[in-house]
Every structure is written in structure tokens, then in C-alpha cells.
Amino acid sequence: MKILVIGSGGREHALVWKLAQSSHVAQMWCAPGNAGIAQERLAKNGAAVECVNIAAEELPKLLAFAQEKRADLTVVGPDNPLALGIVDLFQQHGLKIWGVNQKAAQFESSKFFSQSFMEKYGIPTARAFTVTSDEFPHWENSRRADQREFNLFLLANNKCVVKADGLALGKGVLICNGRSEIYSAMLEMFSGRKFGDAGKKVVLQEYLEGVEVSLHALCDGTTAKIFPTAQDHKRAFDGDLGLNTGGMGTYSPTPFLTDVQLAEIAKKILEPFMRGCTEEGIDYRGILYPGVMLTKDGPKVLEFNARFGDPETQVYLTRLENDLVELLDASVDGTLDKMELKWSPLASVCVVMASGGYPGNYAKGKIISGLDVANALPQTKVFHAGTARAGDQIVTNGGRVLGVTALGKDLKTAQAAAYAAVEYIQFEGVHYRRDIAAKAFAASGNPT
Ligand code: AMP
Ligand code: GLY
């Protein structure tokens, strides 16, 4: 089989690495890929994975490439090409592609769409109130029934989460204290200065407290297969301080849910989700990644993503024992009911090494040392996110640079192994969190 993977981050390196282990794959390309992806080799024949200089949003070029090379399967990593309709485009041309179609991508590309869907189909979520740019000048005096509801939940803790409707590179979410902050956040979103078209509607969500976990389910239009839990660390600094980032590290499994609790939650979310999709005519084939807050009143979905999480993918795929090509094929073909997901009992921890200054401004082109030594450690894999090749060196080329991932018999062992590998890697200005997975130990009092 010939496979094309689209994207260039740590998620895509993990996808390429796992797909390359499949005995079905004889040739693989990644557009545009990164320096780590270019070092991967296929298990079947030792062939190198070839990086192709086409950006993930250049749909016509990607289509032409897949047609020319006769790719048997294209695998899409990031949200942007999905929201732009890459799956629909490839399908119209008779090409097999894994990922959600444009209609299904709305779960991620529109917070308003997701919120309305969750309310309509009884999926547990935060209470919310939507304001359009037309309503904004008199937003506090609307006669809608949900205005009363909003006033009530705002009263509870004087906090509220303001979300721009569209894709905003993970930055369209602001946690506000009190009405004047809410007003300023909305003003900024509507005036377009901050989030462009993403701000024509805003969703004001009740602020929820609890433990946040990432869920993933692989879907085939009818069946949804839940993954084990993972937890991301979104803030830049230890102790969940600093700005929100794309994710500074993950681990799996988490101690917050037993298998039975996870199955109950999956039922509460996935059953109404799949039923709603059928009723709305949405053919959901791909990954559904709900961000879930475990509150004292039960689990509540904060948002839906329609693709693999980054860096959740790094911990999931190091634990996955199935052949990923077979799983993705089944997701496209609608035959997931015949598959059983198999997970290693080992725990996995991924520590993201970022450029100094990320998620704000940062420098690029810093030489990275120690990669080979770190990669040669047992049970360890260094996934590249923002890297490039410069002569015979590998240099930084993005905010999140590497995802140093290690397996261990329990979380403590995996955490120690990941940080041991991190110690070998250097580049100027490097920044990483030192407390990835620490919450697991604080919560359980039991370091497993
Ligand atoms: P989102 O892009 O909607 O997942 O939001 C980004 C982050 O903001 C989430 O991962 C949470 O940490 C936080 N967040 C979002 N919605 C809420 C909420 N309703 N209550 C508390 N925190 C939230
Ligand atoms: N881990 C956060 C995300 O992928 O959105």
C-alpha cells in the first residue's frame, strides 16, 4: 500500500511512525512533514518516508500529488484541511482518505454548532448562551429564555468562558471574571482584531471546575470505539500557570476514571453523539476527541475536536498494539465493529520541549543536540514537532519542537524515563514543564 500523511507536527510524526510499522505499507509520503518524519523507515522494506514540500492547506496540490502517486490511502492530521473540505474533495475524485468530512468537521470548526448539537441531543455539557454580532450592542437585554439561565450561571462564581465560534488556532477561548471582562472579550472578538471571521458569534459558557481529561473515539459512521483516557497540560508553565498552549505534555492512562466509569461516560457522550449524527445526516468517520471536565455533577463536554489530539497522539500510539493501517481502513470502510482495539498495559508519558517564548514569539533555527542518544534509550521515542534539517544538523522550526515520549510499567516509571531522555537534549532557549503527569500522583495518592 502507498500512504500519504498530511501535516507536520508531533501528531503527524507519531502517525507516520506507527503507520510505518504496518506490514501493509510499501511506500509513504508526508506533506510537508518535518526532520524527524524524514528519518522514519518502513518496517516492510526499509524504505525511507519521503517529505513533500506541500502545505497542509494546499488542497489542489495535495490532490494532484495523491493522484500522480496513486496513493491508496491519505491520512489527515490537522484540523484546518478537514475544515476546508479535503476529505470531500478527495472522495469526489475517487481517492480513499481518512479523516472527517467538512460537515463533520463543524464539530470543531464551530463552537456554536457543537453547543447547539449537544443541547439538542442531550450530551452533558456546560450551560451556555450565544451572542451574535448583531445582538452584541444589547446583549444583556435580550428576551431569550437562555439569557435568564446565563445570568444564573454567571452569578454562581462570577466567571464565564468566552469562546469565538470558529477555528482560532486554539486561542479563541478566554476565561473572564465578571461582566466587564466578558464585555471586553466579546468586543475584541467581534471587532475582528483578534480572531477575524472566527468572531461573528460567541458562545458564553458556564465556567466549570474539575479535572480535565481528553477522550478519543475512532468512528466509522456507525460504530465508535473509545480509547483509554489521556490528560493534556495546556498551560505553558508548571502548576498550570501561564498562557494556554497547544499542549505541553500528556500521559495515558489517567487514574481519574476506572474502566467502568470510562465506559459509562463513553455511553453518555458517544451514543447520543452517533444518534444525533444519523438524524442530522452527518457521516462521522474519523476521530472524535471530546475535551471533558469531570465535575462534581458528572462529566461535561467542554468542546469537540474532530481529529487526533497533539500531544495525545504520541501517548496513544506508543500504547496502541493494533496495526494502525487496519484500524484507519476500517474507520473509512465502516467495519470498525469487527475490530478490537488493543492497548499495551504500559503507561506512556510525553514531555513537550518548546522554544523559549512559546506560545508567544520565539526564535527558530537553534541547533538541537542529543537527539540520537535520547532516541536510543529503551522504551523511548523522540517525536519531532517543529524541526527542520539545516545541512547535517537538526534545528528548531516551531513553538513546540519535540515530544519526548517514554513507556514504563507504571506512570512513575514512564515519567522518569521521559525526563531522563529530556536531560540529553539541548537547544538554546529550550523550555519544558517539569510536572507532566504529576497530577496523577496527587490525585490518586497511589503512584501507579
Ligand atoms: P476549548 O478550546 O473549548 O477546549 O477550551 C480550551 C481550554 O479552556 C480547555 O481545555 C479548558 O481548559 C478551558 N475551558 C474551556 N471551556 C471551559 C469551561 N466551560 N469551564 C472551564 N474551563 C474551560
Ligand atoms: N492537545 C490539545 C489539542 O490537540 O487540541
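Keep in mind that what you see is a predicted model, and the values were worked out from it rather than measured.

Moving on, we get to the pattern of salt bridges. Taken as a whole and assessed by the stated rule, the structure comprises 20 salt bridges. Glutamate 40 is the salt-bridge partner of lysine 381, the closest N and O atoms lying 2.8 Å from each other. Of this pair, lysine 381 sits in strand E20 (residues 380-384) while glutamate 40 sits in the loop between strand E2 (27-32) and strand E3 (50-51), placing them 341 residues apart in sequence. For lysine 381, a relative accessible area of 14% corresponds to the buried category. Across the pair lysine 61 and glutamate 58 runs a salt bridge, and its minimum N-O distance is 3.2 Å. With relative accessibility at 48%, the residue lysine 61 sits in the partly exposed group. You can call glutamate 58 partly exposed: its relative accessible area is 28%. Linked by salt bridges that have partners in common, Asp240, Arg433, Asp435 and Lys439 make up one network.

A word on the nonpolar core. Ranked by internal contacts, the top residues of the largest apolar core, which has 78 residues, are Ile86, Phe273, Tyr284, Phe304, Val349, Leu402 and Ile425. In terms of residue count, helix H9 (residues 259-280) provides more of this core than any other element does, eight residues in total. Apart from residues lying up to four places away in sequence, isoleucine 86 is in contact with Ile6, Leu59, Leu62, Val76, Pro81 and Ile97.

This part takes up the packing of aromatic side chains. If you walk through the whole model with that rule in mind, you get 21 aromatic pairs. A centroid spacing of 4.7 Å and a plane angle of 50° characterise the contact between phenylalanine 107 and phenylalanine 273, whose relative ring orientation is tilted. Of this pair, phenylalanine 107 sits in helix H5 (residues 102-109) while phenylalanine 273 sits in helix H9, and the two are 166 residues apart along the sequence. No difference in accessibility class separates phenylalanine 107 from phenylalanine 273, as the two residues are buried. With a centroid separation of 5.4 Å and 25° between ring planes, the pair formed by phenylalanine 136 and tyrosine 183 is classed as stacked. Residue phenylalanine 136 is found in the loop between strand E6 (128-132) and helix H7 (145-157), and its partner tyrosine 183 is found in helix H8 (residues 178-190); the two are separated by 47 residues along the sequence. Chaining the aromatic ring pairs together yields one cluster made of Phe107, Phe113, Phe117, Tyr121, Phe273, Tyr284 and Phe304.

Quick look at the packing of H5 against helix H6 (residues 111-120) now. The axes of two packed helices give the description: the angle between them and the distance between them. It is the contact of H5 with H6, at a shortest axis distance of 6 Å, that shows an interaxial angle of 95°. In this view, H5 runs roughly perpendicular relative to H6, as classed from their interaxial angle. Residues Gln106, Phe107 and Ser109 of H5 pack against Lys111, Phe113, Ser114 and Phe117 of H6.

Let us now look at the site of ligand 1. Surveying the vicinity of ligand 1 reveals 13 residues, the closest of which are Lys163, Glu206, Glu212, Lys234 and Glu303. Within the side chain of glutamate 212, a nitrogen or oxygen atom sits 2.4 Å from an oxygen atom of ligand 1. In this structure, an oxygen atom belonging to ligand 1 sits 2.8 Å away from a side-chain N or O atom of lysine 234. Protein contact buries 91% of the 470 Å² of open area that ligand 1 shows by itself. Those elements that place two or more of their residues in the shell around ligand 1 are strand E7 (159-164), strand E9 (201-206) and strand E18 (298-305). The residue makeup of the shell around ligand 1, split by class, is six nonpolar, one polar and six charged.

A separate point is the pairing of strand E21 (residues 387-390). Looking at chain direction, E21 and strand E22 (residues 393-396) are connected through four bridges and run antiparallel. Counted as the bridge partner of arginine 389 is isoleucine 394 from E22. Between E21 and E22, which follow one another and run antiparallel, lie two residues, and glycine 391 among them has a positive phi close to 65°.

Taken as a whole, H5 has its buried residues at Ala104, Ala105, Phe107 and Glu108. End-on view of H5: buried residues confined to an arc of 130°, all on one side of the axis. In this structure, the buried residues of H5 make contact with helix H3 (79-84), H6, H9 and E18.

Taken together, the neighbourhood of ligand 2 is formed by Asp232, Lys234, Gly246, Tyr289, Arg307, Gly309, Asp310, Pro311 and Glu312. Take aspartate 232: an N or O atom from its side chain is 2.7 Å from a nitrogen atom of ligand 2. At 3.4 Å, a side-chain N or O of tyrosine 289 approaches a nitrogen atom of ligand 2.

Rules used throughout
- Residues numbered from 1 in each chain as written.
- Chains lettered and ligands numbered in written order.
- Predicted model: local features only at pLDDT ≥ 70, side-chain atom pairs only at ≥ 80, totals over all residues.
- Heavy atoms only, no water.
- Salt bridge = Lys/Arg side-chain N within 4 Å of Asp/Glu carboxyl O.
- Helix = DSSP H or I, 4+ residues; strand = E, 2+ residues; numbered from the N terminus.
- Buried < 20%, exposed > 50% of the residue type's maximum accessible area, 1.4 Å probe, protein only.
- Core = buried A, V, L, I, M, F, W, Y, C linked by side-chain atoms within 4.5 Å.
- Contact = heavy atoms within 4.5 Å.
- Phe/Tyr/Trp six-rings, centres within 6.5 Å; stacked < 30°, edge-to-face > 60°.
- Axes fitted to C-alpha atoms, helices over the stretch in contact; angles between N-to-C directions.
- Parallel < 35°, antiparallel > 145°, perpendicular 65-115°, else oblique.
- Near = heavy atom within 4 Å.
- Polar contact = N/O pair within 3.5 Å; in protein donor to acceptor, adjacent residues only side chain to side chain.
- Areas by Shrake-Rupley, 256 points an atom, 1.4 Å probe, with all protein chains shown as cover.
- Nonpolar A, V, L, I, M, F, W, Y, C, P; charged D, E, K, R; others polar.
- Pairing = 2+ DSSP bridges.
- Arc of directions from axis to C-beta.

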